[in-house]
Amino acid sequence: MDDPNTAQVFEARYLRDVLGNFPTGVVAVTTMVTDDEPAGMVVGSFTSVSLDPPLVSFLVDRSSTTLPKILDADRFCANALASDQEWLCRQMSKRGTDRFTGVTWQQSEYRNPILDGVVAWVDCTIEKTVELGDHFLVVGRIQDLTVASVKRPLLFFRGGYGDYTSTAQLLLDSHLGR
Ligand SMILES: Cc1cc2nc3c(=O)[nH]c(=O)nc-3n(C[C@H](O)[C@H](O)[C@H](O)COP(=O)(O)O)c2cc1C
């Protein structure tokens, strides 16, 4: 057996290929740079952390140019993208483009951008950041949250986008002859 104290080395491509088999939701993390300049990025690493206290988190590559904006603002909103928002995901994850072109949004009580048409959002202040390998774990304390629509979520799996299908809904549809 390998010495457990010796770190294994994996090719980045292999890590991505295997870890891409774990499906994720797609979340636009947004904040404000100035009073009228929004910023945002897409993460697949958003997750709930704790109910008491109410905490959520996401992981950001240390090379991210959006991370310092989020940390400066000390707050963010996590917007769960809907299955009809693949275009928004592509735009919000692309560098060198105005990520908010054609995007309509409202400001939350904590002045974070809440994007129109998302499934749900969670408005946070930053509780803590932890350096982990080549990423930072950003932990947010929930200040407000809501389900914004009954739309289905956008999913990411094996490098591609997909829609969520509920077996219960399929069963209901077949029962009703839809
Ligand atoms: C579906 C999807 C999930 C992503 N998840 C993450 C993530 O969890 N963490 C991260 O740092 N980047 C993630 N990215 C990449 C970032 O969205 C993007 O590369 C980054 O925003 C680059 O620009 P920046 O300099 O503004 O950070 C993801 C991209 C996509 C399309």
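Residues numbered from 1 in each chain as written. Predicted model: local features only at pLDDT ≥ 70, side-chain atom pairs only at ≥ 80, totals over all residues. Heavy atoms only, no water.

### Points about the pattern of salt bridges
And step 1. Applying the stated criterion to the full structure yields six salt bridges.
And step 2. Arg90 is the salt-bridge partner of Glu86, the closest N and O atoms lying 2.8 Å from each other. With Glu86 and Arg90 both in helix α3 (residues 86-92) and four residues apart, the pair spans about one turn of that helix.
And step 3. For Arg90, a relative accessible area of 45% translates into the label partly exposed. (Salt bridge = Lys/Arg side-chain N within 4 Å of Asp/Glu carboxyl O. Helix = DSSP H or I, 4+ residues; strand = E, 2+ residues; numbered from the N terminus. Buried < 20%, exposed > 50% of the residue type's maximum accessible area, 1.4 Å probe, protein only.)

### Things to note about the site of the ligand
And step 1. By nearness alone, 16 residues border the ligand, and Val42, Ser45, Ser64, Thr65 and Thr66 come closest of all.
And step 2. A distance of 2.5 Å is found between an oxygen atom of the ligand and a side-chain nitrogen or oxygen belonging to Thr65.
And step 3. One of the side-chain nitrogen or oxygen atoms of Arg95 is found 2.8 Å away from an oxygen atom of the ligand.
And step 4. Its free accessible area being 620 Å², the ligand has 81% of it covered by the protein chains.
And step 5. Residue assignment for the shell around the ligand shows that the elements contributing at least two residues are β3 (37-43) and β5 (55-61). (Near = heavy atom within 4 Å. Polar contact = N/O pair within 3.5 Å; in protein donor to acceptor, adjacent residues only side chain to side chain. Areas by Shrake-Rupley, 256 points an atom, 1.4 Å probe, with all protein chains shown as cover.)

### Digging into the sheet that holds strand β1 (residues 24-25)
And step 1. Judged by pairing direction, the sheet is antiparallel, and its three strands sit side by side in the order β1-β11-β12 without closing on themselves. On the outer flanks of this sheet lie β1 and β12 (160-163), each paired with one strand and no other.
And step 2. Strand direction decides the pairing type here: β1 and strand β11 (residues 154-157), joined by two bridges, are antiparallel. The residue bridging Thr24 from the neighbouring strand is Phe156, located in β11. (Pairing = 2+ DSSP bridges.)

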